[in-house]
Amino acid sequence: MNLQNQATMPDPRHVQGVGNIAPPANPMPPTGAGSFAQAQPPLTPVTAGSAGTPNPKARKPKGSTIQQVHGQRTVKQYPIQEPELEDLFKTGVAATILFSASAWLGNAFVSILVTLSLTTGLPDKIISLWSIISMVSAILAVILFVIGLFFVYNGKNKITAIKKDTTF
């Protein structure tokens with residue numbers, strides 16, 4: 001494309017309507033190296049209706065409207081090292097496993113008690129065996145729950161230590 005053809009091509013910055021490209025209002029000859037000698041006219045917004053007049057039939061929206069108000073707040077960022085992150089992960093996993101096992105053993109305790117209370121005609125030896133199993137599961141459930149609480153407390157202490165080591 002040479003410079004003479006460039007001056008007659010429509011300027012894509014002057015768009016009138018959808019899909020229509022109008023030629024520039026003041027076509028100017030190029031002055032070399034593909035630049036214009038004068039500044040381009042300012043762009044005008046594309047408006048609905050004739051000559052940009054508001055539509056008198058347009059309705060105002062009824063009902064509730066959402067008004068966004070943007071707020072700000074200062075947030076502290078704490079640097080954490082990879083071993084500390086791995087320790088926090090392991091602590092969370094251990095606490096989760098212990099709480100799950102505690103819940104399972106607690107469920108077994110209740111299930112055994114309900115089954116023993118609703119069943120009739122069992123020999124005393126079987127009832128005493130299952131009673132011992134239910135008590136052991138209840139004691140283990142409490143022990144595992146307390147150990148899980150220890151892991152949660154330990155994770156909280158690690159986070160507190162990271163916060164204390166950070167200076168702002």
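Since we're looking at a predicted model, the values are computed, not measured.

1. Structural notes on the packing of aromatic side chains
So, step 1. Evaluated as defined, the whole model comprises three aromatic pairs.
So, step 2. Residues Y78 and F168 carry aromatic rings whose centres are separated by 5.5 Å and whose planes lie at 80° to one another, so their mutual orientation is edge-to-face. A residue pair is termed long-range when its members are at least 10 positions apart, and Y78 in the loop between α1 (3-8) and α2 (82-118) and F168 in the segment after α3 (124-165) qualify at 90 residues.
So, step 3. You can call F168 exposed: its relative accessible area is 64%.
So, step 4. Between F99 and F145 the ring centres are 5.3 Å apart and the planes differ by 50°, which places this aromatic pair in the tilted class.

2. Quick notes on the environment of I126
So, step 1. Position of I126 relative to the elements: it lies in helix α3.
So, step 2. When the C-alpha positions of I126 and L116 are compared, they lie 9.7 Å apart, and in sequence the two are ten residues distant.

Definitions and limits used
- Residues numbered from 1 in each chain as written.
- Predicted model: local features only at pLDDT ≥ 70, side-chain atom pairs only at ≥ 80, totals over all residues.
- Heavy atoms only, no water.
- Phe/Tyr/Trp six-rings, centres within 6.5 Å; stacked < 30°, edge-to-face > 60°.
- Helix = DSSP H or I, 4+ residues; strand = E, 2+ residues; numbered from the N terminus.
- Buried < 20%, exposed > 50% of the residue type's maximum accessible area, 1.4 Å probe, protein only.

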